[in-house]
Every structure is written in C-alpha cells, then in structure tokens.
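Observations on chain architecture
This is what each chain is made of:
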Amino acid sequence: MSVLKDKFKVLLLEDNPADAKLIQIALQGACDPAFELEWVRDTPDALKRVSEDGLDIILTDLNLPSSVGLETLTSLQSRGGELPIVVLTGSYLETSLGRQAVQKGAQDYLDKQTMDARILPRVLAFAVERKAIERFQEEFLQNINHELRTPLTVASGYLRCVLDGEFGPLPAKQRRILDLVTRNVLYMTQLVEEFVEATRVGTGKLSISPQRVDLGEIVLRTAEELRLAAQEKDISLTAKASGGLEPALADPKRCRQVLFNLIANAIKFTPRGGSVSLEAAPLASDPGVLRVCVADSGKGVPREAQALIFERLYQERSQAKEGRKGLGLGLYICSEIARRQGGRIWVESEPGKGSRFYFTVPRFSYAKALAPILAEASPSSELFLVQCRVL
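Below is a short write-up of the structure. (Residues numbered from 1 in each chain as written. Predicted model: local features only at pLDDT ≥ 70, side-chain atom pairs only at ≥ 80, totals over all residues. Heavy atoms only, no water.)

Let us look at the nonpolar core. Leu 259 and Leu 278 are the most contacted members of the largest nonpolar core, which totals 44 residues. Looking at this core, the element that brings in the most residues is helix 9 (residues 252-268), giving seven residues. Residue contacts for Leu 278: discarding those within four places in its chain leaves Val 219, Ala 223, Leu 237, Thr 238, Ala 239, Lys 240, Leu 259, Ile 263, Cys 293 and Val 294. With 22 residues, the next largest nonpolar core counts Phe 8, Ala 26, Ala 30 and Met 115 among its residues. (Core = buried A, V, L, I, M, F, W, Y, C linked by side-chain atoms within 4.5 Å. Buried < 20%, exposed > 50% of the residue type's maximum accessible area, 1.4 Å probe, protein only. Helix = DSSP H or I, 4+ residues; strand = E, 2+ residues; numbered from the N terminus. Contact = heavy atoms within 4.5 Å.)

Pasting the structure below:
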C-alpha cells in the first residue's frame, strides 16, 4: 500500500544546531515527495508537539539533555504512537542501539556520518510507507483474531460439550468422528495462533517480560500438560530438573510457549511406543546460563535441515511428504523468543537416532535484571539506592 502525499511534515528532535542545519540542507532539495522540517531541541518540546496534529514523521537523535538512549524512543512512542520514527545514531559504534530501536518499534535508523541529501529523503519516505504497512498488518491481525479465532473457540466449546455427554449419550462411531473434528479444530486454532505470533515478531510487537522464575517448575508443569497426548501414542514422557537449579531471568509465559511447542513436536514426530524426555540444568560451559533439553526417540532431523528448521516458513521435505504439514512458524517463533530473552536455541540429531532440542535462558542475577533499566536511564533521572536483604 502507498501513502500518496506530495509533502511530508517532519519533526526533527536534535540538540546539536550543526547537525540540525545539515539535516535541513539535506531535505531542502527533495521532491516527490518534498519535506517540511520543524526543529525542536529537547524531548519535552517534542512530546508537546507530537500531542498536536499536523505531523507525518519523527526524526530523532536518541541522546538528548532530558533523555538518553531508548528512553527517548519510548517517550515519543507514548505520545505519538501512530507516527513513524527514524532514529539518528552518532556513529557506527551506535549501530547496535539503532537495531535495538528498530526492535522496539522504530521504522529505521540512520548514521549521521553517512547521511546525505540522497539517502535521508529516501529513508524518511520508506519509513512512512513502512508504518502504513504495519498499520495495515495490525488491522489484518485483529481481523484474523476476531473472524477466525472466535468461531473456532465456539466450535471447540460445543464439541467438548457433546463429547462430555451434556446433550446425551454418543454411539462409539459418532464419538470417533467428533474426536477427529475436535483435533482438527484445535489444529486450526494452533495455526491461527502461530500466524498471529509470527506477525507480532515481524512488526516488533512480540512482548517479552523477563522476571525471576523457577525454570525447573515450568518444565515439570508443561510436561504434565502434555502427558495425556503422550499417553495416547503410548509414548513415555519424563521430566526432571537438576537439584538446586538456580532461578532464571526469563518470561515464564514465553518459556512455557517454547517448551509446549518443542514437546508437542517431539510427541508428534516420535513413533508409537517411543520416548520423550525433558531436563533443565545449568549449561556446563557457562555457569551464568541455564539450558533445557527436549529429547525424543523419533526419526531425527536430516543434517541439511538442522541449520534451516528455525527459519520462517521452513518445512522439512520428508515431513511434508508424510502429510505432516503446518505453517512452518512454530520453531521460528521459538527461536525469536529464545533470542529476545538473551538465549539461543539449537538442535542436535542423527537420522534414525532421535533429536535433542536445546534452548537457553540467562541465570537470574540482580545485575542482569536491572541492566535494561540502568541502560535507559537519563542523566537527569533520579536514582535511589535501596538497601534490602533477601531472605
């Protein structure tokens, strides 16, 4: 989709007059589209301006007198969430900060040292287009949620009522047919959820809330949730956590999501009578990291596929031939969750000898928990030192 305008109104947030002048010069000769620049020097002035109408895009430095780093981006998003934002970085050394800003919802970032009259207008125009596409994706995502998930939820509820005998007894043949329908409804619901989550990943809206969690408890609890599915295939499902396992710094909901996906895949791809085992333990090579292993006795993952199965929309050919299809999004979502929690995910497998899927999360420490807050704190922020004793 295209944003058809001849001129865009740009709010420039920049405390350096020399840089502001260079940006003004770079945009003066731009046409198709043209740009009208409005300059403010500090975050409070920008927040006041974005609360008003008439802007099309924000171009901002991140290091300002009243805010530093991603705090600047967060402040602008809180007031002008519908406006596209392009972040200016001071040098190639700040490239990682620019990437973090994009992950937090900025449309692009640009190094001041490489910015010129050719690059800057193009980046701004593309950012406006990209934001328009994101709005369309968000609307589409909401429609998918409502138009597909709602009827599937209703169908699943009524099917469960029928199978539970609330409308009278069922002959065995009808029960088998309704069981098949129920499984397909649940499968369709899973596909919708994967699509929604993958869209959130692509638009930088996958929420991660790290906290102090008991990783071993999450492993044991998730295994219990899937024990019935394993029993239906006569698969042995075991789970254990190392004694004295340290707490993790992770999002418990997202950890459970990764585990559920890995265990469900292990059950699906393990033949009847096989085994699936889970273990949570410290990573031997790094005491500051905890790892979870999901092992199965299935047919394994071909060597050529092991580096590809975590990519978006990838489907292993042998599984597709056997009719075990999906969207190819589950493991991609797992890899993004692992990465955004500060960990990683990988597989070790030999064809015919099963697979071992691993993912890691950081071990909890107060230094790690406070690091994002301290990194985003501005020099003007008031920091309070609190003495506490952990019982």
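In terms of burial, strand 4 (residues 85-89) is largely enclosed, as five of its five residues are buried. Of the two faces of strand 4, the one holding Ile 85, Val 87 and Thr 89 and the one holding Val 86 and Leu 88 are both buried throughout. Summarising the sheet, strand 3 (residues 57-61) and strand 4 pair through four bridges and their orientation is parallel. When the sheet's bridge partners are listed, Asp 61 is paired in strand 4 with Leu 88. Between the parallel elements strand 3 and strand 4, the chain passes through helix 3 (residues 70-79) in a crossover that is right-handed. When strand 4 meets strand 5 (residues 108-111), the two strands line up parallel, connected through four bridges. Bridging from a neighbouring strand, Leu 88 pairs with Leu 110 of strand 5. (Pairing = 2+ DSSP bridges. Right-handed = clockwise from strand over helix to strand, strands pointing away.)

On to the side chain of Arg 291. Within the secondary structure, Arg 291 is located in strand 10 (residues 286-296). A relative accessible area of 16% means that Arg 291 is categorised as buried. Those residues within four positions of Arg 291 in sequence are excluded, and the remaining contacts are Glu 279, Ala 280, Ala 281, Pro 282, Leu 283, Tyr 358, Phe 359 and Thr 360.

Let us now look at the sheet that holds strand 2 (residues 34-40). Read from one edge to the other, the open sheet built from five strands follows the order 2-1-3-4-5, with strand pairing classed as parallel. Of all the strands in the sheet, the pair left with one neighbour each is strand 2 and strand 5. On average, each strand axis in the sheet is inclined to that of its neighbour by 25°, with strand direction left out of account. Direction of pairing for strand 1 (residues 7-13) relative to strand 2: parallel, over a ladder of seven bridges. Pairing of Phe 8 across the sheet is with Phe 35, part of strand 2. Sheet strands in contact with helix 3 are strand 1, strand 3 and strand 4, and its direction is about 160° off that of strand 3. (Axes fitted to C-alpha atoms, helices over the stretch in contact; angles between N-to-C directions.)

What follows concerns the packing of aromatic side chains. Under the defined criterion, the tally for this structure stands at three aromatic pairs. The aromatic ring of Phe 364 is capped on one face by Arg 212, whose charged end is 5.5 Å from the ring centroid. A cation over a ring is seen here: Arg 344 above Trp 346, with NZ or CZ 3.9 Å from the ring centre. (Phe/Tyr/Trp six-rings, centres within 6.5 Å; stacked < 30°, edge-to-face > 60°. Lys NZ or Arg CZ within 6 Å of the ring centre and 35° of its normal.)

Glancing now at a nonpolar patch on the surface. Taken together, the side chains of Val 154, Tyr 158 and Phe 167 present a nonpolar region at the surface, about 360 Å² in accessible area. Mapped onto the elements of the fold, Phe 167 is located in the loop between helix 5 (119-163) and helix 6 (172-202). (Patch = residues over 30% accessible without salt bridge, like charges linked within 9 Å, V, L, I, M, F, W, Y side chains within 5 Å. Areas by Shrake-Rupley, 256 points an atom, 1.4 Å probe, with all protein chains shown as cover. Salt bridge = Lys/Arg side-chain N within 4 Å of Asp/Glu carboxyl O.)

Spatially, the five strands line up as an open sheet ordered 7-9-10-12-11, and their pairing is mixed. Of all the strands in the sheet, just strand 7 (236-241) and strand 11 (345-349) have a single pairing partner and so form its edges. Across the sheet, the mean angle separating the axes of adjacent strands is 15° when strand polarity is ignored. Judged from the six bridges that link them, strand 7 and strand 9 (residues 275-283) form a sheet pairing that is parallel. Paired with Ser 236 across the two strands is Ser 275, which belongs to strand 9.

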